[in-house]
Amino acid sequence: MTKELNRRLFLSSGATASVAALAFRMGFGLSESGPAQERQSARGKAWTLALEEYAKRGCNYCDRMVDKNGLPYFDVFWTDPAEAAHDWPDFGDVMSRQFQAVVMARHMTGEVATIEPVWRQKILSLIDAETGLLTRPETSYSRKVADDGDQALTLYALVTAYVDSPDRGLRNVIVKMTDGLLARAPNAAATGFILKSLMTCVRVLGYEPALKLAALDTQTVFNEREVFTLDNTFRQGGHMHGNLRTLVGAADYALYVGDPVLFGRVDAIYRYVRSEATRFGFLPEVIGRKGDIVATETCALMDYLGLAVTLANHGHPEYWGDVERVVRNQLIESQARNLAWLKSDPDQSDTDQFTWRDIAGRMEGGWAGWSSPTHLLAARETLGHHWGGPELHNKARAFQNCCGGSGIHALYIAWKNAARFENGALSVNLHIDKQLPQAEIRGFQPFEGLLTIQLKQACRVRVRVPDFASPGNITVGVNGDSRQVRTFGNYLELGRCVPGEAIKIGYPLPLVTEKVEIGNPGFRHYHYRVTWKGDTVVSMEPIGNEYPTGYSEFDNKQVAVFYGNEGPARLYQRDQFLEKCDPKLSPLHIDDTSLDFWAGLDKSRVRIS
């Protein structure tokens, strides 16, 4: 019996949370310590970069960082012993993000997370039959409320599940939720956070009320509340994730309704965000914090990639270089590993809100909430009394698990768009491994400046020129013979190729060093010497950043900071990438071209159902 059939039977069986909990307690775990490119390099071998490997690792975290009933934990504290705690985001925010993530991971890897049907059942059980909205239950750590942010994340997750496996009952739930949101729209505070979810609903279901609500939200955000300034920047204190999610949805809306002015504004604001980020993908969680703490949130990386990909697919191919650098560097470096600094207590029994068991092992494959350029955690902050009830106060935060689902989602964005086959043409946008029905693509950076394509179907072929390369320094070979090709913009146009042709594209892989500075205006700045080999950071050296503490405006005091060499989970340990070698090919899972949220964005009234 195939894995897919097993999945369908499990989904249709109404499997209970306790059954699933038993299943993953009985033996789900990691057979290896990490993705092949990292893991095998440490053993003297080298592997090509396959994003599928990082998604597989993420499923360890999704399956295990839950309680006995399958409810995920938002908070992970760096206490002694380390503890994970339930919090109000667990029901609509964290669970919806992670449910969507495991559906995406299944498409990336072909492997099913045990927790997937459990989360589907739990999310549907929280949706109020009268209003159609997900409503948090009344607990010691949450209030009975239908939060707008929860609806945004849940709606997108449910549409994802519907595209994966169309079902009339699920469609009715989505429609009812949209109607419920529209009914409360005149009195709800429009934030833009729901735009992406609404536009996905519009394109998948063709449901006009979702478009009406998206129009209202766009008008409010851009013309009334002025979340963004007239010169296309963030208002002071702008939250990167929230604002970027708004922009991702606004780009979708502008393409769908044909609004070039709005699309131009979105592009201009993206370029502003780009100016606040480093080339390797470190971007501040909050613009202009009033303290010494500056950190990157994986949720923001997800939306940064989502926006860059949308723009790159629609008139701005120059942003593919941004996508490649962020994915190869800050994104995959932000996946949790080397967590021995989180000490667990195997003898302390779980309570309704807390767990202390194997926190490090269960967080393996999760994602950073607040990384620095050199460490998985930028600072040992508690956030004072700005978050949660008294049982969560005065504890140093190691992770916020909204980022757990977002990390896998970010991988999916890059994986889905790394290479695309549309209108008889294969476009290779990123120089990473990707397998499509039409071709197998292999990228050999950072070991060698080489991309290979093994064609399985006749088509036109175009390949993006890496930002560091020039067309004059690129060699193109087909079946061992040199071929002259045309360059158009930042793509090599190879013309029509036939099945069986083996294409090799070679280019120099320069070693370049730059100095980078991060920090908040008026507060301490941190400096790094960053060494690049092509698109990959191979060395991140802090320059005079060995400060033991920095000022946190949330805690209103000095807290431990990690911007130098000392700290938890050192990032960019990549000496092996300096070696020139012949890497092995990482295992790939074929992209069957389904579950594609980036196709047809600019075609009005697209219907999938």
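Residues numbered from 1 in each chain as written. Predicted model: local features only at pLDDT ≥ 70, side-chain atom pairs only at ≥ 80, totals over all residues. Heavy atoms only, no water.

**Quick notes on the environment of Leu247**
In this structure, Leu247 sits in helix 11 (residues 240-257). Along the primary structure Leu247 and Tyr207 are separated by 40 residues, whereas in three dimensions their C-alpha atoms are 21 Å apart. For Leu247, the residues in contact, after removing those within four places along its chain, are Phe222, Phe228, Phe234, Val266, Ile269 and Leu307. (Helix = DSSP H or I, 4+ residues; strand = E, 2+ residues; numbered from the N terminus. Contact = heavy atoms within 4.5 Å.)

**Considerations on the pattern of salt bridges**
Should their charged atoms come close, side chains of opposite charge can pair. Overall, the coordinates contain 37 salt bridges when judged by the stated rule. Ionic pairing is found between Arg97 and Asp93, a salt bridge with its closest N-O pair at 2.7 Å. With a relative accessible area of 7%, Arg97 lands in the buried category. Note on Asp93: relative accessible area 14%, which makes it buried. Between Asp148 and Arg184 there is a salt bridge, and its shortest N-O distance comes to 3.3 Å. Highlighted residues: Asp148 in helix 7 (residues 148-164) and Arg184 in helix 8 (residues 168-184), separated in sequence by 36 residues. (Salt bridge = Lys/Arg side-chain N within 4 Å of Asp/Glu carboxyl O. Buried < 20%, exposed > 50% of the residue type's maximum accessible area, 1.4 Å probe, protein only.)

**Topic: the packing of helix 5 (residues 94-109) against helix 7**
Following both chains from N to C, one finds helix 5 and helix 7 inclined at 25°, their axes separated by 8 Å at the closest point. Taken as axis vectors, helix 5 and helix 7 run roughly parallel relative to one another. For the pair helix 5 and helix 7, the sense of crossing is left-handed. Judged by residue contacts, Ser96, Arg97, Phe99, Gln100, Val103, Arg106 and His107 of helix 5 engage Leu153, Thr154, Tyr156, Ala157, Thr160, Ala161 and Asp164 from helix 7. Class assignment of the residues belonging to the contact of helix 5 with helix 7 gives a composition of 6 nonpolar, 5 polar and 3 charged. (Axes fitted to C-alpha atoms, helices over the stretch in contact; angles between N-to-C directions. Parallel < 35°, antiparallel > 145°, perpendicular 65-115°, else oblique. Left-handed = near helix turned anticlockwise from the far one by under 90°. Nonpolar A, V, L, I, M, F, W, Y, C, P; charged D, E, K, R; others polar.)

**Considering the sheet that holds strand 9 (residues 450-455)**
An order of 7-8-9-15-11-12 is seen for the 6 strands of this open sheet, with the pairing classed as antiparallel. Of all the strands in the sheet, just strand 7 (434-436) and strand 12 (481-482) have a single pairing partner and so form its edges. For strand 11 (residues 475-478) and strand 15 (residues 502-506), the ladder comprises 4 bridges, and the chain directions are antiparallel. Bridged to Thr475 within strand 15 is Gly506. (Pairing = 2+ DSSP bridges.)

**Let's talk about the layout of surface pockets**
Once rolled over the atoms, a probe with the size of a water molecule shows which space is left empty. Here the largest pocket is characterised by a volume of approximately 780 Å³. Along the walls of the largest pocket sit 32 residues, with Trp88, His239, His241, Glu297 and Trp387 positioned nearest its centre. Broken down by secondary-structure element, the contributors of at least two residues to the lining of the largest pocket are helix 7, helix 11 and strand 4 (397-400). The leading source of residues in the lining of the largest pocket is helix 11, at 4 residues. Among the residues making up the lining of the largest pocket, the classes are represented as 12 nonpolar, 9 polar and 11 charged. Space inside the second largest pocket adds up to approximately 580 Å³. Where the lining of the second largest pocket is concerned, the elements lending two or more residues are helix 13 (298-313), strand 5 (419-422), strand 6 (425-428) and strand 10 (459-464). (1 Å grid on protein atoms, 1.4 Å probe; cavity = no way out; pocket = protein on both sides within 12 Å on 5 of 7 lines; lining within 4 Å. Points joined across faces, edges and corners; volume = space filled by probe spheres on them.)

**Here's the deal with the pairing of strand 5**
Residues in a regular strand project their side chains so that they alternate between the two faces of the sheet. In terms of strand pairing, strand 5 meets strand 6 through 4 bridges, oriented antiparallel. Bridge assignment links Ala419 to a residue of strand 6, and that residue is Val428. In textbook terms, the turn of a hairpin is the stretch between consecutive antiparallel strands, and for strand 5 and strand 6 this stretch comprises 2 residues, one of which, Asn423, has a positive phi near 55°.

**Observations concerning the confidence of the model for the protein**
Detailed reading of the predicted coordinates is not advisable wherever pLDDT is low. Within the protein, residue pLDDT values average 90, and 90% of them lie at 70 or more. Overall, residues 1-33 carries pLDDT values under 50, and its contacts beyond four positions in sequence, including any with other chains, amount to 47 contacts. A low-confidence stretch, residues 604-609 (pLDDT under 50), is modelled with 18 contacts involving residues beyond four sequence positions or located in other chains. (pLDDT = per-residue confidence, 0-100.)

**Some thoughts on the state of the cysteines**
By definition, a disulfide links the sulfur atoms of two cysteine residues through a covalent bond. As enumerated under the stated definition, the model contains 0 disulfides in all. Free of any disulfide, Cys402 has its nearest neighbouring cysteine sulfur in Cys299, separated by 3.7 Å. For Cys402, a relative accessible area of 6% puts it in the buried group. With no disulfide of its own, Cys459 lies closest to Cys497 among cysteine sulfurs, the gap being 6.7 Å. Residue Cys459 is classed as buried on the basis of its relative accessible area of 0%. (Disulfide = S-S within 2.5 Å.)

**A few points about the environment of Tyr563**
With respect to the element layout, Tyr563 can be found in the segment after strand 20 (557-560). Overall, the relative accessible area of 0% leaves Tyr563 in the buried class. Considered as a pair, Tyr563 and Leu377 are 186 residues apart in the sequence and their alpha carbons are 9.2 Å apart. With near-sequence residues (within four places) excluded, Tyr563 lies in contact with Asp292, Ile293, Val294, Ser372, Pro373, Thr374, Ala378, Ile518, Tyr526, Tyr528, Pro542 and Asn545. Within the structure, the side chain of Tyr563 is placed 2.8 Å from the backbone oxygen of Val294, a separation counted as a polar contact. (Polar contact = N/O pair within 3.5 Å; in protein donor to acceptor, adjacent residues only side chain to side chain.)

**Here we look at empty space enclosed by the protein**
Enumeration according to the criterion identifies 4 cavities of 30 Å³ or more in this entry. Estimated volume of the largest cavity: approximately 70 Å³. Taken together, Tyr156, Lys196, Arg245, Val248, Asp303, Gly306, Thr310, His409, Ile413 and Trp598 make up the full set of residues lining the largest cavity. Elements supplying a minimum of two residues to the lining of the largest cavity: helix 11, helix 13 and helix 16 (402-417). With 3 residues, the single largest contributor to the lining of the largest cavity is helix 13. For the lining of the largest cavity, the class distribution of residues is 4 nonpolar, 3 polar and 3 charged.

**Here's the deal with the sheet that holds strand 2 (residues 83-85)**
With antiparallel pairing, the 4 strands of this open sheet are ordered in space as 3-2-1-4. Looking at strand neighbours, the two that pair on one side only are strand 3 (354-355) and strand 4, the edges of this open sheet. Here strand 1 (residues 75-77) runs beside strand 2; their pairing, made up of 3 bridges, is antiparallel. Note that in strand 2 the partner of Val76 across the bridge is Ala84.

**Structural notes on the packing of aromatic side chains**
In this description, an aromatic ring pair is defined by two values, namely the gap between the centres and the angle between the planes. Counted by the stated rule, this structure contains 21 aromatic pairs. For the ring pair Trp78 and Trp341, a centre distance of 4.9 Å and an interplane angle of 75° mean the geometry is edge-to-face. Separated by 263 residues along the polypeptide, Trp78 in the loop between strand 1 and strand 2 and Trp341 in the loop between helix 14 (320-333) and strand 3 bring together distant segments of the chain. A relative accessible area of 14% means that Trp78 is categorised as buried. Centroid distance Tyr412 to Trp598: 6.3 Å. Interplanar angle 40°. Geometry classified as tilted. A residue pair is termed long-range when its members are at least 10 positions apart, and Tyr412 in helix 16 and Trp598 in the segment after strand 20 qualify at 186 residues. Using a relative accessible area of 0% as the deciding quantity, one classes Tyr412 as buried. Judged by relative accessible area, which is 4%, Trp598 ranks as buried. (Phe/Tyr/Trp six-rings, centres within 6.5 Å; stacked < 30°, edge-to-face > 60°.)

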